[in-house]
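# Reading the structure
What follows is each chain in one-letter form.
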Amino acid sequence: METMAPQKMRIIAIEEHYATLDFIKTANIQMRDQYKRARGPGATLTERLCDLGDLRVQEMDAAGIDMQVLSLTSPGVQQMAAADAVAIAREQNDILAQAVKYYAERFAGFAALPTQDPDQAARELERTVNDYGFKGAAVMGHTQGRYLDEEFFRPILESAAALQVPIYLHPTRPPQKVIEAYYTGAYAPNISGLLSTAAWGWHIETAVHSLRLVAGGVFDRFPGLRIIIGHLGETIPFLLSTINRYLPREETYLERPVESYFRENFYYTLSGLNNLPAFLGLLLQVEVDRILFSADYPYESMESACRFLDQLPVNPADKERIAHGNAER
């Protein structure tokens, strides 16, 4: 009797990035050596980032990834002047839409939003979701030191909730005053740069932004709003019980305990952080239905992310949820 080969598990990666050369130049993105991953001969980081075609698809095939949900790379448009952000976000969304249309089975999109102009950002989210079928938006952290809990940004959150699409809250550099106070010390400038970004600051910055959304009552005003954060929760799962203990309802006046918002309004991705203890901590805090696969391509390895997924100590049904089921749902 002939044995059937096991069916390949579908994998959707939802924090995967792209750019254009014009955007890299405009945003003054420095592709510094310390952020380049050793991949051997072949395409450079910039080439991978700017490819929305065959190179990307070939590397997805080699890793075993079926679909990438693409977002404009950090720092996005959040640190630009408002008029520039409006124009560039629309331009980049149109470019992404063409790639999504051509590779409909392989790519999906998160919109770039000019958060400096919330009304324009809300309209851009509606346009890209309704006209292009985008799956939500990616916001690259704070907007020149302002955070999404402020009433100023209400139109964006209102639009996302009404459209029933998530906002991926992606890390960015902390405000300069925070960098000067926290991360500038008796060490070389490159250490300050790494402490304020990949080694620590990115994650804490995103955790603080997320806490502000909860403490500010955003989810009481918009109960259906969904926020996605990466890197296995950006340190929040480790401290969730403490956060809940010291922010009781009699102090916050929120409708629910703080921890319930992180279990019901937030989703969490791997983002190439292939660390088993951190994953287990997240799993024990929020359960499997809140966890989504991502590789953080091209900054991290799709192959390594897929190996980590394959080795997770969860049952096959839960692994399917993480790999694709939660994203599809």
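Look a little higher up for the structure.
In what follows, the accompanying structure is described. Going along each chain's sequence as written, the residues are numbered from 1 onward. Reporting of local features is limited, given that this is a predicted model, to residues whose pLDDT is at least 70; pairs of side-chain atoms are given and counted only at 80 or more, and all residues count toward the totals for whole chains, interfaces and linings. Just so you know, side-chain values use all the structure's heavy atoms and leave hydrogens and water out.

## Considerations on the pairing of strand β2 (residues 67-72)
Basically, it comes down to this: The rule is simple: take the accessible area with a 1.4 Å probe, protein chains only, and divide by the maximum for that residue type; under 20% is buried, over 50% is exposed, in between is partly exposed. Every helix listed is a DSSP run of H or I at least four residues long, and every strand listed is a run of E at least two residues long, numbered separately from the N terminus. Note on pairing: DSSP must find at least two bridges between two strands before they are called paired.
Within β2, six of the six residues are buried, which leaves the element mostly enclosed by the surrounding structure. Burial along β2 is two-sided: the residues Met67, Val69 and Ser71 and Gln68, Leu70 and Leu72 are all buried. Of the pairings in the sheet, the one linking strand β1 (residues 12-18) to β2 comprises five bridges and is parallel in character. Bridge pairing in β2 links Glu16 to Leu70. Of the strand pairs in this sheet, β2 and strand β3 (residues 107-112) are connected by three bridges, and their pairing is parallel. Counterpart to Gln68 in the pairing with β3 is Phe107.

## Topic: the packing of helix α11 (residues 236-246) against helix α14 (residues 276-286)
Selection rule: All axes here are fitted lines through C-alpha atoms, helices being fitted over the stretch that makes contact, and every angle between N-to-C directions spans 0 to 180 degrees. When describing relative orientation, an angle under 35 degrees is termed roughly parallel and one over 145 degrees roughly antiparallel, while 65 to 115 degrees is termed roughly perpendicular and anything else oblique. Throughout, a residue-residue contact means that at least one pair of heavy atoms, one from each residue, lies within 4.5 Å. Basically, the charged four are Asp, Glu, Lys and Arg, the nonpolar ten are Ala, Val, Leu, Ile, Met, Phe, Trp, Tyr, Cys and Pro, and anything else, Gly included, counts as polar.
Across the interface, α11 lies against α14 with an axial gap of 8 Å and an inter-helix angle of 40°. Judged on the interaxial angle alone, α14 and α11 are oblique. On the side of α11, the interface is formed by Pro237, Leu240 and Ser241, while α14 contributes Gly281, Leu282 and Gln285. Of the residues assigned to the contact of α11 with α14, the class counts are three nonpolar, three polar and no charged.

## Re the side chain of Ser159
Structurally, Ser159 is set in helix α6 (residues 154-163). Assessed through its relative accessible area of 5%, Ser159 is described here as buried. Contacts of Ser159, omitting those with residues within four sequence positions, involve Ala122, Leu125 and Glu126.

## Brief notes about unusual backbone geometry
Of note, the amide linkage connecting Ser74 to Pro75 takes the cis form, showing an omega dihedral of 10°. A cis amide bond, omega 0°, links Tyr297 with the succeeding residue Pro298. Mapped onto the elements of the fold, Pro298 is located in the loop between β8 (291-292) and α15 (302-311). Unusually for a residue other than glycine, His231 sits at a positive phi of about 50°. Positionally, His231 belongs in the loop between β6 (227-229) and α11.

## Let's talk about the layout of surface pockets
The probe, sized like a water molecule, is rolled over the atoms to show the empty space still left. The condition is simple: A 1.4 Å probe that fits into a set of points on a 1 Å grid over the protein atoms alone but cannot get out defines a cavity; an open set with protein on both sides within 12 Å along at least five of seven lines defines a pocket, and lining residues are those with an atom within 4 Å of a point. Grid points are joined across faces, edges and corners, and a volume is the space filled by probe spheres set on the points.
For the second largest pocket, the calculated volume is near 520 Å³. The greatest single-element share of the lining of the second largest pocket, amounting to four residues, is contributed by β3. Split into classes, the residues belonging to the lining of the second largest pocket amount to 15 nonpolar, four polar and four charged.

## Points about the pattern of salt bridges
Our working definition: Salt bridges are counted wherever a side-chain nitrogen of Lys or Arg sits within 4 Å of a carboxyl oxygen of Asp or Glu.
For the structure shown, the criterion picks out 14 salt bridges. In this structure, Arg106 engages Asp61 in a salt bridge whose closest nitrogen and oxygen atoms are separated by 2.8 Å. Here Asp61 lies in helix α3 (residues 54-63) and Arg106 lies in the loop between α4 (82-102) and β3, a separation of 45 residues in the sequence. Residue classification places Arg106 among the buried positions, given a relative accessible area of 18%. Given the relative accessible area of 48%, Asp61 is considered partly exposed. Measuring nitrogen to oxygen at the nearest pair gives 2.9 Å for the salt bridge that ties Arg256 to Glu264. In this structure Arg256 comes out as buried when scored by relative accessible area, which is 19%. For Glu264, a relative accessible area of 47% translates into the label partly exposed. Here the salt bridges do not stand alone but share partners, grouping Arg90, Asp94, Glu124 and Arg127 into one network.

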